[in-house]
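Spelled out from the first residue to the last, the chains are:
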Amino acid sequence: MRVVTVPTIRLTSSKAAGHTFTLSQQEDELLECYFCHVRAEATKGLTSGQGRFFVDCGGNPLTNIYSDLQRLRKKYLPQEPGAAVDETPSSESPSTSTGPASLPTPPVTGDIQWDRFLEVFPSSLHSVAPSKRLCVGAGFTAYRPLYRKWRNVQLLERTSYILSQAMGRHATQPTEEAVRRSLTKERWVSNTPSVQDVVRGWVAPLGAPTSSQSLIRSISEQSWRGLAVRDFGGEKGKGVVATCPMDKGDVVCDYYGTLISFAEGHRSADSIYCFFFKEFCIDASSRCDCHPEVETYGRFLNHSRKRPNLKAKRFDLTFPGGPRPVIVFLTMQNIKVGEELLWDYGVTRTSFGGEGKDLAWLDM
Ligand SMILES: C[S@@+](CC[C@H](N)C(=O)[O-])C[C@H]1O[C@@H](n2cnc3c(N)ncnc32)[C@H](O)[C@@H]1O
């Protein structure tokens, strides 16, 4: 990318379409280096200009330019000591600065903020939660939700770790005594899971480790097969049907979405796509950033109390980004091609609340 003479970039695709910004010489050189060396293979056949801005290792344009720009900047540009991270979303107007930090401050979405927070305060088994002073000092003025999420992530990691230490042979449920012993060894002074939470967090293992790996891959890539979304019309709307025969016990798909706390889920305006379980909720209200072009199936599965053919099961899996619980749908019987896949939402007229009282389909 040669932008030395007119070092201005206007984004024409992606979420940031319409934004323009000016590059300093240093940034220009950085991008030149990125395309000629870091992504040299992927950009070989491309012409300069449109389509050459941030591509993945396969040469495909990335959709979250701001987030990648941030990462690239952080990785390769020297940081000014003590420079605070600006949390203010940028406006539509072009940046006119040509100084060493002239790349625009991106519109900071929750995910980007969270990524940044984790970069500054990595969460691990033994790391100590950042103090208010450290959070604010690093530029996270609205640090509370990030801090809470950080603690939740660590708590999950600690819970999984203690489970792995305390589980019986053949991955059987650990006793309270075994959990207590494992917890005592760690000497964590805060954000420690309770003995009961660890015991309750145990879930039956999903076969051999290779099947856990393939499950993680299918979830990450959303590469479920044998499913199609069908519009049934009327009140029911869309649903999912099988496009190949399935055997009892097969894994169908997961309930893909954003993992949020139970309380956050209840505050969500569009909660028909929220899956609540214990202290968590998976929010599938909108298409996710990581698979914007994919219709994820879990959110379209309809309810049946009388003839469900799927059951939802929780698994705790360790993804490359860390451990997290997932909800996976398994078949309860053999399924024929064209059959609608249904699970029992587990709600009643009274528990569904309000309008739920008049919903005939809840009893079907
Ligand atoms: C998770 S969504 C399922 C997908 C939804 N049908 C759609 O088109 O987006 C849950 C909503 O689907 C509808 N629904 C689910 N099961 C149903 C059923 N058996 N009969 C009628 N409507 C149903 C209800 O409106 C419910 O709030």
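Below or above, wherever it landed, is the structure these notes cover. None of the values given here were measured: they were computed from a predicted structure.

Attention now goes to the overall build of the chain. For the chain, the count of helices and strands is 10 helices and 12 strands. Across the chain, every contact between residues at least 6 apart in sequence was considered, and the portion connecting residues at least 24 apart equals 59%. Here the chain has roughly 20400 Å² of accessible surface; of this, 54% comes from carbon and sulfur atoms.

The next point concerns helix 6 (residues 176–186). By the burial criterion, the buried members of helix 6 are Ala-178, Val-179, Ser-182, Leu-183 and Glu-186. Buried residues of helix 6, seen end-on, are gathered within an arc of 130 degrees and therefore sit on one face of the element. Facing away from the buried side of helix 6 by more than 90 degrees, the exposed set consists of Arg-181, Thr-184 and Lys-185. One or two positions beyond helix 6, positive phi appears at Arg-187, with a value near 55 degrees.

The next thing to look at is the environment of Arg-187. Locating Arg-187 in the fold gives a position in the loop between helix 6 and helix 7 (195–200). Between the C-alpha atom of Arg-187 and that of His-126, which follows or precedes it by 61 residues, the distance is 9.6 Å.

A contiguous patch of positive charge on the surface is contributed by Lys-132, Arg-144, Arg-148 and Arg-267. Mapped onto the secondary structure, Arg-267 falls in helix 9 (residues 262–267).

All right, on to helix 5 (residues 144–166) then. Two residues of an α-helix separated by three or four positions point the same way, owing to the 3.6 residues in each turn. Along its 23 residues, helix 5 runs 32 Å from first to last C-alpha, staying within 8% of the 33 Å computed at 1.5 Å per residue. Turning to helix 5, its buried residues are Leu-146, Trp-150, Gln-154, Leu-156, Arg-158, Thr-159, Ile-162, Leu-163 and Ala-166.

Another aspect to go through is the pairing of strand 4 (residues 238–242). Within strand 4, 4 of the 5 residues are buried, leaving the element largely enclosed by the surrounding structure. Direction of pairing for strand 3 (residues 227–231) relative to strand 4: antiparallel, over a ladder of 5 bridges. Looking at the pairing, Val-229 lines up with Val-240 of strand 4. Linkage of strand 3 to strand 4, two consecutive antiparallel strands, is achieved through a turn of 6 residues, within which Gly-233 is found at a positive phi near 70 degrees.

A separate point is the packing of aromatic side chains. For the coordinates displayed, the defined rule picks out 14 aromatic pairs. The ring of Tyr-273 has Arg-299 sitting right over it, with the charged end atom 4.4 Å from the ring centre. In this structure, Arg-324 packs its charged tip against the face of Phe-319, placed 3.9 Å from the ring centre.

What follows deals with the site of the ligand. Looking at the ligand, there are 13 residues lining it, with Lys-236, Lys-238, Tyr-273, Asn-302 and His-303 nearest. Asn-302 places a side-chain nitrogen or oxygen 2.9 Å from a nitrogen atom of the ligand. Within the backbone of His-303, a nitrogen or oxygen atom sits 2.9 Å from a nitrogen atom of the ligand. Taking a 2 Å distance to the grid points as the criterion, the majority of the atoms of the ligand fall inside the second largest pocket. In terms of residue class, the shell around the ligand is made up of 6 nonpolar, 3 polar and 4 charged.

This part covers the packing of helix 5 against helix 6. Between two packed helices, the angle of one axis relative to the other and the distance separating the axes together describe the packing. One can describe the packing of helix 5 onto helix 6 by two numbers: an axis separation of 9 Å at closest approach and a directional angle of 120 degrees. Taken together, the axes of helix 5 and helix 6 are oblique relative to one another. Read as a crossing pair, helix 5 and helix 6 show a hand that is right-handed. Contacts from Tyr-161, Ile-162, Gln-165 and Ala-166 in helix 5 reach Ala-178, Val-179, Ser-182, Leu-183 and Glu-186 in helix 6.

In this section: the pairing of strand 7 (residues 274–277). As paired elements, strand 7 and strand 8 (residues 280–283) share 4 bridges and run antiparallel to each other. Following the sheet pairing, Phe-277 is matched in strand 8 by Phe-280. Between strand 7 and strand 8, which pair antiparallel in sequence order, lie 2 residues; one of them, Lys-278, sits at a positive phi of approximately 40 degrees.

The next subject is the nonpolar core. Judged by nonpolar contacts, the single largest core of 34 residues is most densely connected at Ile-219, Leu-227, Phe-329 and Leu-341. Those elements giving two or more residues to this core turn out to be helix 8 (209–221), strand 4, strand 5 (251–254), strand 7, strand 8, strand 10 (310–319) and strand 11 (322–331). Considering each element in turn, this core owes the most residues, 5 residues, to strand 11. Among the nonpolar cores identified, the runner-up in size contains 11 residues, and Leu-163, Leu-183, Trp-188 and Val-199 belong to it.

Conventions adopted
Residues numbered from 1 in each chain as written. Predicted model: local features only at pLDDT ≥ 70, side-chain atom pairs only at ≥ 80, totals over all residues. Heavy atoms only, no water. Helix = DSSP H or I, 4+ residues; strand = E, 2+ residues; numbered from the N terminus. Contact = heavy atoms within 4.5 Å. Areas by Shrake-Rupley, 256 points an atom, 1.4 Å probe, with all protein chains shown as cover. Buried < 20%, exposed > 50% of the residue type's maximum accessible area, 1.4 Å probe, protein only. Arc of directions from axis to C-beta. Patch = residues over 30% accessible without salt bridge, like charges linked within 9 Å, V, L, I, M, F, W, Y side chains within 5 Å. Salt bridge = Lys/Arg side-chain N within 4 Å of Asp/Glu carboxyl O. Lys, Arg positive; Asp, Glu negative; His and termini not counted. Charge placed at Lys NZ, Arg CZ, Asp CG, Glu CD. Expected span 1.5 Å × (residues − 1). Pairing = 2+ DSSP bridges. Phe/Tyr/Trp six-rings, centres within 6.5 Å; stacked < 30°, edge-to-face > 60°. Lys NZ or Arg CZ within 6 Å of the ring centre and 35° of its normal. Near = heavy atom within 4 Å. Polar contact = N/O pair within 3.5 Å; in protein donor to acceptor, adjacent residues only side chain to side chain. 1 Å grid on protein atoms, 1.4 Å probe; cavity = no way out; pocket = protein on both sides within 12 Å on 5 of 7 lines; lining within 4 Å. Sits in = over half its atoms within 2 Å of the grid points. Nonpolar A, V, L, I, M, F, W, Y, C, P; charged D, E, K, R; others polar. Axes fitted to C-alpha atoms, helices over the stretch in contact; angles between N-to-C directions. Parallel < 35°, antiparallel > 145°, perpendicular 65-115°, else oblique. Left-handed = near helix turned anticlockwise from the far one by under 90°. Core = buried A, V, L, I, M, F, W, Y, C linked by side-chain atoms within 4.5 Å.

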